[in-house]
Amino acid sequence: MRLPLWLFIAGLLGAMAATALLAGLTWFGIRQLSLQAALAGIELAPPALNLQQAATPFPTLVPAAQTRAQAPSAATLPAVMPPALEDPRARNILLLGIDQRAGTVSDERYFRSDTLMVVRIEPLSQSLAMLSIPRDLWLSFADGGPPGRINTANSRGESQGYPTGGAGLTADTLQASFGLRIDNYLLVNFDAFLTAVDLLAPEGVEVCIEERIDDPHYPDGNYGTIQVTFERGCQLLDAERLLQYARTRATRGADFDRARRQQQVLTAMLRHVASLEGIGRLISQAPGLWQELGDSFRTDLSLDEILQLGLLLRDMPPDNLRQGVIDNQVVRFGTTANGDQVLYPDNTAIRALIQEVFGNG
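Residues numbered from 1 in each chain as written. Predicted model: local features only at pLDDT ≥ 70, side-chain atom pairs only at ≥ 80, totals over all residues. Heavy atoms only, no water.

Caption draft 1: Summary view of the overall build of the protein chain. Scanning the protein chain from terminus to terminus reveals nine helices and 14 strands. For the protein chain, buried positions account for 39% of its 361 residues. When the accessible area of the protein chain is evaluated, it comes to approximately 21300 Å², of which 57% is carbon and sulfur surface. (Helix = DSSP H or I, 4+ residues; strand = E, 2+ residues; numbered from the N terminus. Buried < 20%, exposed > 50% of the residue type's maximum accessible area, 1.4 Å probe, protein only. Areas by Shrake-Rupley, 256 points an atom, 1.4 Å probe, with all protein chains shown as cover.)

Spelled out as structure tokens, the structure:
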């Protein structure tokens, strides 16, 4: 049977169209994979033109030309596998919260840090680590001056013109004392926290409170006190209540308990922002939020970098979180020559804690 010419041409055109469609889908798939890898911090090498000369990213145990019968025996394999590669895009970010609100009566120009925390973001493994540092930790400062509480490093660096400011002096002191590298910083006051929560989570953020808290002497923001109470159980907290929960010290563990609550609040906020609703609000509100906050925060991160970090957290599994607190297990309570009650560090124990939480970073 002779094939009609029109049917032959139609079949040829159909085959060409199918080939083009498959090629287009393949290109689109590779492009999407590259974009997702870029968000996760993985740099994909461009395809090599000569496959035989293309470099392999990791050494192979069996050369490419070796057959299965020539594979090495178990006795010749390395007994210990090499350590995992360090994530080249991992960042240690110093978070500083200062006790300042717009409109409050104060003669202070330079503020101590009310909250100190280092957050490590590892894009390659999609993991997050947090380490809280107590305000009363007594350290030798990196500026060569007298030792002091770590929470005074911000005000001292600002008032004495330290080259990288108060955040820089805090970061340099932590690195000099414990070898803790700081890549970036984010300093916020209470207004920045409240505004961010109102815009990104207008219906509140859910936290699960483990014990009833009753604080009759909570600072009211204008150097007075009010009473705040929290009942046990999971509940939505608006911006003001979330700040109160993060700041109160009216539990048995005082500052150490407060540090754990602050990590809990930050984790809850990150998970909210990383949700589909939160990512949408972050992208839509970020430019306005950046402008509205104005002098309520300082950072050496750009808006684009903050948005990228937010997107990296989107797919982070909940279990990929490591947390630590410099607490009574690694410090010693003491009194200075001036009668100040402080925390003296056990440097060896703190370095071990940092290694446990942050690894080699």
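Caption draft 2: Structural view of the packing of helix H5 (residues 239–247) against helix H6 (residues 254–274). Orientation of H5 relative to H6, taken along the N-to-C sense of each, is 145°, at an axis distance of 7 Å. Where H5 approaches H6, its residues Leu242, Tyr245, Ala246 and Arg247 are matched on the opposing element by Arg258, Arg261, Gln262, Gln264, Val265 and Met269. Residues of the contact of H5 with H6, tallied by class, amount to five nonpolar, two polar and three charged. (Axes fitted to C-alpha atoms, helices over the stretch in contact; angles between N-to-C directions. Contact = heavy atoms within 4.5 Å. Nonpolar A, V, L, I, M, F, W, Y, C, P; charged D, E, K, R; others polar.)

Caption draft 3: Here's a closer look at the packing of helix H3 (residues 165–178) against helix H9 (residues 347–358). Packing of H3 against H9 leaves a shortest axis separation of 10 Å and a crossing angle of 105°. Overall, the two elements H3 and H9 adopt an arrangement that is roughly perpendicular. Contacts between H3 and H9 involve Ala176, Ser177 and Phe178 on the former and, on the latter, Asn347, Ile350, Arg351 and Ile354. Here the residues of the contact of H3 with H9 sort into four nonpolar, two polar and one charged. (Parallel < 35°, antiparallel > 145°, perpendicular 65-115°, else oblique.)

Caption draft 4: View of the sheet that holds strand E12 (residues 321–325). If you walk across this open sheet you meet the six strands as E11-E6-E1-E2-E3-E12, and the pairing is mixed. Edge positions in the sheet fall to strand E11 (297–299) and E12, since each has one partner strand and no second. Strand-to-strand twist of the sheet, defined as the mean angle between neighbouring strand axes without regard to direction, takes the value 15°. Here five bridges tie strand E3 (residues 127–132) to E12, and the two strands are oriented parallel to one another. Across the sheet, the residue bridging to Leu128 is Leu321, located in E12. Packed onto the sheet, helix H4 (residues 190–200) meets strand E1 (91–98), strand E2 (113–122), strand E6 (184–189) and E11 and runs at close to 90° relative to E6. The strands touched by H6 are E1, E2, E3 and E12; relative to E12, the strand with the most contacts, the crossing angle is about 155°. (Pairing = 2+ DSSP bridges.)

Caption draft 5: How the structure looks around the pattern of salt bridges. Tallied over the full model, the rule gives 16 salt bridges. Two residues, Arg120 and Glu122, come together in a salt bridge whose shortest N-O distance is 2.7 Å. Residue classification places Glu122 among the buried positions, given a relative accessible area of 12%. Each of Asp114, Arg135, Arg247, Arg249, Asp255 and Arg258 takes part in a single network of salt bridges with overlapping partners. (Salt bridge = Lys/Arg side-chain N within 4 Å of Asp/Glu carboxyl O.)

Caption draft 6: View of H5. When you tally the buried positions in H5, you get seven out of nine residues, the bulk of the element. Along H5, the positions that sit buried rather than exposed are Ala239, Leu242, Leu243, Gln244, Tyr245, Ala246 and Arg247.

Caption draft 7: Structural view of the pairing of strand E7 (residues 205–209). Side chains Val205, Val207 and Ile209 of E7 all project onto a buried face; the interleaved residues Glu206 and Cys208 project onto a face where none is buried. Pairing geometry for E7 and strand E10 (residues 233–237), over five bridges, is antiparallel. Note on E10: the bridge partner recorded for Glu206 is Leu236.

Caption draft 8: Inspection of the state of the cysteines at higher detail. Applying the stated criterion across every chain, the model contains one disulfide. At a sulfur-sulfur separation of 1.9 Å, the disulfide partner of Cys208 is Cys234. The chirality of the disulfide connecting Cys208 with Cys234 is right-handed, given an S-S dihedral of about 100°. Residue Cys208 is found in strand E7, and its partner Cys234 is found in strand E10; the two are separated by 26 residues along the sequence. (Disulfide = S-S within 2.5 Å.)

Caption draft 9: Representation of H4 in the model. With nine of 11 residues buried, H4 lies mostly within the body of the structure. Those residues of H4 lying buried are Phe190, Asp191, Ala192, Leu194, Thr195, Ala196, Val197, Leu199 and Leu200. Near the N-terminus of H4, the side chain that reaches the backbone nitrogen of Asp191, with its oxygen 3.1 Å away, is that of Asn189. (Polar contact = N/O pair within 3.5 Å; in protein donor to acceptor, adjacent residues only side chain to side chain.)

Caption draft 10: Here's a closer look at the packing of aromatic side chains. For the coordinates displayed, the defined rule picks out two aromatic pairs. Between the aromatic rings of Phe230 and Tyr245, the centroid separation amounts to 5.5 Å while the plane-to-plane angle is 65°, which identifies the pairing as edge-to-face. Placement of the pair is Phe230 in strand E9 (residues 225–230) and Tyr245 in helix H5, with a sequence separation of 15 residues. You can call Tyr245 buried: its relative accessible area is 3%. Between Phe256 and Phe333, the aromatic rings sit 6.3 Å apart at their centres with planes inclined by 65°, giving edge-to-face as the arrangement. Residue Phe256 is found in helix H6, and its partner Phe333 is found in strand E13 (residues 331–335); the two are separated by 77 residues along the sequence. Take Phe256: its relative accessible area is 11%, and that puts it in the buried class. Note on Phe333: relative accessible area 56%, which makes it exposed. Cation over ring: Arg261 sits above Tyr245, and NZ or CZ is 5.9 Å from the ring centre. (Phe/Tyr/Trp six-rings, centres within 6.5 Å; stacked < 30°, edge-to-face > 60°. Lys NZ or Arg CZ within 6 Å of the ring centre and 35° of its normal.)

Caption draft 11: Seen up close, the pairing of E13. Sheet topology note: the E13/strand E14 (residues 341–345) ladder contains five bridges and is antiparallel. Residue Thr335 lies in a different strand from E14, and its bridge partner there is Gln341. Between E13 and E14, which pair antiparallel in sequence order, lie five residues; one of them, Gly339, sits at a positive phi of approximately 90°.

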